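Here's the letter readout for the chains.
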There are 2 protein chains.
Amino acid sequence: MADIDKNNENRKLTIGDIADELGLSKTTISRAISGKGRISDETKRRVQEYIKEHDYRPNLIAKSLAESKTFNLGVVLPSDTNLAETPFFQSCLMGICEVAASHDYDVVVTTVTEDDIALLKRIIFNHKVDGVILTRSLAHDLPVQFLKENKIPFVVVGSTEDEDVVQIDSNHSAACAELTSILLVSGNENLALLAGNQEHIVNKNRMKGFIEGHKNISKKANDNLIFTGMNNKALIDRAIDRIMMYQVDCIVCTDDLICSRVLARLNELNYSVPADIKVASFYNSTFLENHNPPVTAININVKELGVAAGERLIKLIAGEEEKQKELINYEIVLKKSTK
Amino acid sequence: MADIDKNNENRKLTIGDIADELGLSKTTISRAISGKGRISDETKRRVQEYIKEHDYRPNLIAKSLAESKTFNLGVVLPSDTNLAETPFFQSCLMGICEVAASHDYDVVVTTVTEDDIALLKRIIFNHKVDGVILTRSLAHDLPVQFLKENKIPFVVVGSTEDEDVVQIDSNHSAACAELTSILLVSGNENLALLAGNQEHIVNKNRMKGFIEGHKNISKKANDNLIFTGMNNKALIDRAIDRIMMYQVDCIVCTDDLICSRVLARLNELNYSVPADIKVASFYNSTFLENHNPPVTAININVKELGVAAGERLIKLIAGEEEKQKELINYEIVLKKSTK
DNA sequence: GTGAAAGCGCTAACAG
DNA sequence: CTGTTAGCGCTTTCAC
């Protein structure tokens, strides 16, 4: 008989069970839960009491199917090896998880490389997510192109030239310009820049800031002292050799990874910071803070970036359009490495 | 008429559409796709050809509902702040994503803190995942307790005393014992240990290894030189002051975060490594490799750990039981910091 | 070898 | 204010 099933302790409680138990219809139960549609306070109360008491948990899968919504946000992390070393993505993810949960969403993560977005395609074609957050921005951005083509709501943490794309970023070029100007007016005649992969928009913007920081005080950056594509130890070491042949006062790095190698190399060569040469970074990290001497850098609250991205995506999914670009604050932290 | 709907370009192709189009039943299409049940090679071929041609994507949500399976693995990341700085979790996650995708699973992440597992409860009660991977192991482990009570398949990356729990880890105590012995027999009389939070099983095991490393060569670790709970700068600095009053030859740290602070502090105090004092770490990182001098440490392939965990969980979900504990290899890397 | 029909648990017109 | 009914897209008995 049917009761056998219903009495089975392992069986999860459904909306139908509650309906039977309370002598109501499934619709009414559904309404009591969602609050949609008209329903008397009395029945609503009865239903909600029953739910509390019996610890009912709605089946989100069923809801998903009925509403064609997954209540999942997709987060795309780069799996290009060197990037896994950056705490940036992790902090950002934490922020996203936090907002997601507070809006009753969950987070599905997937990885891509610069030229392989198969795993992103997977979660889209399998209908696993309602929208996507990209955690970096590239010059030739496959994910952006793909998501636009497929009309999937998405936001990017970072900046792009593409005006239709919703972007959440800190104002890297402004921040870098500001720090650069500060360095220049505080007695540093010649700055050298060690910049990362120019395929990454963030690095481009930081370099732009470096150049603007010069312009802002009517100087011109020395092209011979700008090194791009500093992806590995060997390249950085070679750049430093070149730099030390000029009258450079301060080495500026676009990120903490480059900076960390720069500091190690200077140490190896027995140069002392800041006595022999100063060092600053456009991206802060605990390592740079812990370093001796502590390193001047630009601080951004990455988790907040994730939170903002999550909130925007959820609004986008709900169909609420807003301004396309959102900037979060930064902070310039002057430390001993440039004093 | 019904055709209006069917001709709608935006509508996703369903199993029913294919059935109509090919003059077959939904059942047959389903069988052709899954390979389950009897079906003629000819029809199977026809269906698969149609699918390729029209780029059909099955709706996993519907499949989930029908099979009561989500095809999602839950990954629990700690959101206790200091841990976000560790690339460990990120690398581990990359590994999990990789296996997941290769087995047609996706990855849902959540966060917990030492004493708040509300977000883990969320994904379980909402039926968002078929199983869970815990990425750290605590002495008083709320997630483990909760998952056991609710009979959810799960594996932990790390070790626990609880024998029923499926564990994937590297053999920390053995590795640490080995490194400790090596240090002792190569001329270091007195070793000091700076250990992290003992609530984390991994730190306990590393400390155990440190002590065993002494025993193995018939020595005894000096209790006065073992410092636990080294969670912050101030505590570490104070420990170092104490250490420098003894005849310590080498400072051993349980992880790279502690080690990074140790190196910075020694530098501040104008001690030179390895001339004045040697330094080693039980956990390697790019920072320690990039440091000058490079730091002796224990290397483990974290991504591999994630891969193993993912594979085990997928088997567990499929109902395949296996041995409870799995150890992956480690490697001891001797560098200049202890020479 | 194939199909009809029921069902997974929920939502959403449409009636009353 | 509440119930009836159909449906989301797929799987799975059970017949034929």
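Residues numbered from 1 in each chain as written. Chains lettered and ligands numbered in written order. Predicted model: local features only at pLDDT ≥ 70, side-chain atom pairs only at ≥ 80, totals over all residues. Heavy atoms only, no water.

As recorded by an unreviewed UniProt entry, chain A carries the name Catabolite control protein A and is attributed to Anaeromicropila herbilytica.

## Description of the protein's contact with DNA strand C
Taken together, 25 residues lie near DNA strand C, and Ile15, Lys26 and Tyr56 of chain A together with Thr28 and Arg38 of chain B sit nearest. Within 4 Å of the protein, the contacting atoms of DNA strand C are drawn from sugar and phosphate to the extent of 54%. Contacts to DNA strand C include Arg38 of chain B, whose side-chain N or O atom sits 2.3 Å from a base oxygen. Broken down by secondary-structure element, the contributors of at least two residues to the surface near DNA strand C are helix H3 (26-34) and helix H5 (60-67) of chain A together with helix H3 (26-34) and helix H5 (60-67) of chain B. Sort the elements by how many residues they give to the surface near DNA strand C and H5 of chain A lands first, with 4 residues. For the surface near DNA strand C, the residue count by class is 9 nonpolar, 10 polar and 6 charged. (Near = heavy atom within 4 Å. Polar contact = N/O pair within 3.5 Å; in protein donor to acceptor, adjacent residues only side chain to side chain. Helix = DSSP H or I, 4+ residues; strand = E, 2+ residues; numbered from the N terminus. Nonpolar A, V, L, I, M, F, W, Y, C, P; charged D, E, K, R; others polar.)

## Re the packing of helix H2 (residues 15-22) of chain A against H3 of chain A
All names here are of chain A. Where H2 meets H3, the axes come as close as 8 Å, and the angle between the chain directions of the two elements is 110 degrees. By the angle between their axes, H2 is roughly perpendicular relative to H3. Only Lys26, Ile29, Ser30 and Ile33 of H3 make contact with H2, whose side of the interface consists of Ile15, Gly16, Ile18 and Ala19. A class-by-class count of the residues in the contact of H2 with H3 yields 5 nonpolar, 2 polar and 1 charged. (Axes fitted to C-alpha atoms, helices over the stretch in contact; angles between N-to-C directions. Parallel < 35°, antiparallel > 145°, perpendicular 65-115°, else oblique. Contact = heavy atoms within 4.5 Å.)

## Quick look at the relation of the copies chain A and chain B
Mapping chain A onto chain B is achieved by rotating through 180 degrees and translating by 0.0 Å along the same axis, at an RMSD of 0.1 Å. Viewed as a symmetry operation, the transformation between the two copies matches a two-fold axis. Distance from the rotation axis, computed per C-alpha, reaches its smallest value in chain A at Val108 of chain A: 2.2 Å. Here 100% of the contact residues of chain A are again contact residues in chain B; the copies associate through an equivalent surface. (Least-squares fit on C-alpha atoms with pLDDT ≥ 70 in both.)

## Side note on the interface of chain A and chain B
Contact residues are listed per partner, giving 51 residues for chain A and 51 residues for chain B. A buried area of about 4600 Å², summed over both sides, lies between chain A and chain B, and 55% of it is on carbon and sulfur atoms. Where chain A packs against chain B, one counts 6 salt bridges. Among the ionic pairs, Arg122 of chain B bridges to Asp104 of chain A, the shortest N-O distance being 2.9 Å. For the pair chain A and chain B, the number of links is 19 residue pairs in polar contact (both at pLDDT 80 or more). (Buried area = accessible area lost by both parts, 1.4 Å probe. Salt bridge = Lys/Arg side-chain N within 4 Å of Asp/Glu carboxyl O.)

## Some thoughts on unusual backbone geometry
All names here are of chain A. Cis peptide bonds are those with omega within 30 degrees of zero, and the linkage from Asn292 to Pro293 qualifies with -5 degrees. Tracing the backbone through its elements, the reader meets Pro293 in the loop between helix H13 (286-290) and strand S10 (296-300). If you check the backbone angles, Asp55 has positive phi at about 55 degrees while not being a glycine. If you trace the backbone, Asp55 turns up in the loop between helix H4 (41-54) and H5. For Asp55, a relative accessible area of 46% translates into the label partly exposed. Phi angles above zero are rare outside glycine, and His127 is one such case at about 55 degrees. In this structure, His127 sits in the loop between helix H7 (118-125) and strand S3 (131-134). (Buried < 20%, exposed > 50% of the residue type's maximum accessible area, 1.4 Å probe, protein only.)

## Thoughts on the nonpolar core
Within the largest apolar cluster, 99 residues are counted, with the highest numbers of intra-cluster contacts made by Leu93, Val107 and Val109 of chain A together with Leu93, Val107 and Val109 of chain B. Aside from chain neighbours lying at most four places away, what touches Val109 of chain B is Leu93, Cys97, Val107 and Val109 of chain A together with Val75 and Leu93 of chain B. One finds Val295 of chain A together with Phe227, Leu263 and Val273 of chain B within the second-largest nonpolar core, a separate group that totals 46 residues. (Core = buried A, V, L, I, M, F, W, Y, C linked by side-chain atoms within 4.5 Å.)

## Side note on the side chain of Ser64 of chain B
Tracing the chain through its elements places Ser64 of chain B in helix H5. When residues no more than four places from it in sequence are discounted, the contact partners of Ser64 of chain B are Ile61 of chain A together with Lys69, Thr70 and Phe71 of chain B.

## Focus: the protein's contact with DNA strand D
What surrounds DNA strand D is a group of 25 residues, the closest being Thr27, Thr28 and Arg38 of chain A together with Ile15 and Tyr56 of chain B. Expressed as a percentage, the sugar and phosphate content of the atoms of DNA strand D within 4 Å of the protein is 53%. A distance of 2.9 Å is found between a phosphate oxygen of DNA strand D and a side-chain nitrogen or oxygen belonging to Thr43 of chain A. Between Lys26 of chain B and DNA strand D, the recorded distance is 2.8 Å, taken from a side-chain N or O atom to a base nitrogen.

## Observations regarding the sheet that holds strand S5 (residues 166-170) of chain B
Taken in spatial order, the 12 strands make up an open sheet running S11(A)-S5(A)-S4(A)-S3(A)-S1(A)-S2(A)-S2(B)-S1(B)-S3(B)-S4(B)-S5(B)-S11(B), and their pairing is mixed. Looking at strand neighbours, the two that pair on one side only are strand S11 (325-328) of chain A together with strand S11 (325-328) of chain B, the edges of this open sheet. Taking the axes of each pair of neighbouring strands and ignoring which way they run, one obtains an average angle of 25 degrees across the sheet. Bridge count between strand S1 (residues 72-78) of chain A and strand S2 (residues 106-112) of chain A: 7 bridges; the pairing is parallel. Within the sheet, the bridge partner assigned to Gly74 of chain A lies in S2 of chain A and is Val108 of chain A. Strands in contact with helix H14 (residues 302-317) of chain A are S1, S3, strand S4 (154-157), strand S5 (166-170) and S11 of chain A; relative to S5 of chain A, the strand with the most contacts, it is inclined by about 165 degrees. (Pairing = 2+ DSSP bridges.)

## Side note on the environment of Ala280 of chain B
Residues and elements named next belong to chain B. Tracing the sequence through the fold places Ala280 in strand S9 (residues 278-281). The sequence separation of Ala280 and Ser337 amounts to 57 residues, and the corresponding C-alpha distance is 6.8 Å. Every residue in contact with Ala280, bar those within four places of it in the chain, is listed here: Leu183, Cys250, Ile251, Val252, Cys253, Cys259, Val295, Thr296 and Thr338.

## Remarks on the domain arrangement of chain A
Residues and elements named next belong to chain A. Split by domain assignment, chain A resolves into domain 1 (15-58), domain 2 (72-170 + 302-328) and domain 3 (172-300 + 333-338). Here the C-alpha centroids of domain 2 and domain 3 sit 29 Å apart. With 14 residues of domain 2 at the contact, the number on the domain 3 side is 10 residues. It is Ala139, Ser170 and Val302 in domain 2 that bury the most area against domain 3; as a group they hold 31% of the surface buried on that side. Taken together, the connections running from domain 2 to domain 3 amount to 0 salt bridges. Our enumeration of links across domain 2 and domain 3 arrives at 6 residue pairs in polar contact (both at pLDDT 80 or more). In terms of residue class, the side of domain 2 that touches domain 3 is made up of 5 nonpolar, 5 polar and 4 charged. (Domains from an automatic or database assignment.)

## Re the UniProt feature "domain: HTH lacI-type" (unreviewed entry) in chain A
Under the present numbering, the feature "domain: HTH lacI-type" (unreviewed entry) in UniProt falls on residues 13-67 of chain A. Within residues 13-67 of chain A, the helical portion is 71% and the strand portion 0%, while the C-alpha atoms at the span's ends are 20 Å from each other. (UniProt positions renumbered as here; feature names shortened; annotations may be inferred.)

## Some thoughts on the packing of helix H6 (residues 87-102) of chain A against H14 of chain A
Residue and element names in this part refer to chain A. Between H6 and H14, the shortest axis-to-axis distance is 7 Å and the interhelical angle comes to 45 degrees. By the criterion of interaxial angle, the relationship of H6 to H14 is oblique. Crossing geometry of H6 relative to H14 is assigned as right-handed. On H14, the residues touching Phe88, Ser91, Cys92, Gly95, Ile96, Glu98, Val99 and Ala100 of H6 are Val302, Lys303, Leu305, Gly306, Val307, Gly310, Glu311 and Ile314. Of the residues that constitute the contact of H6 with H14, the class distribution is 9 nonpolar, 4 polar and 3 charged. (Left-handed = near helix turned anticlockwise from the far one by under 90°.)

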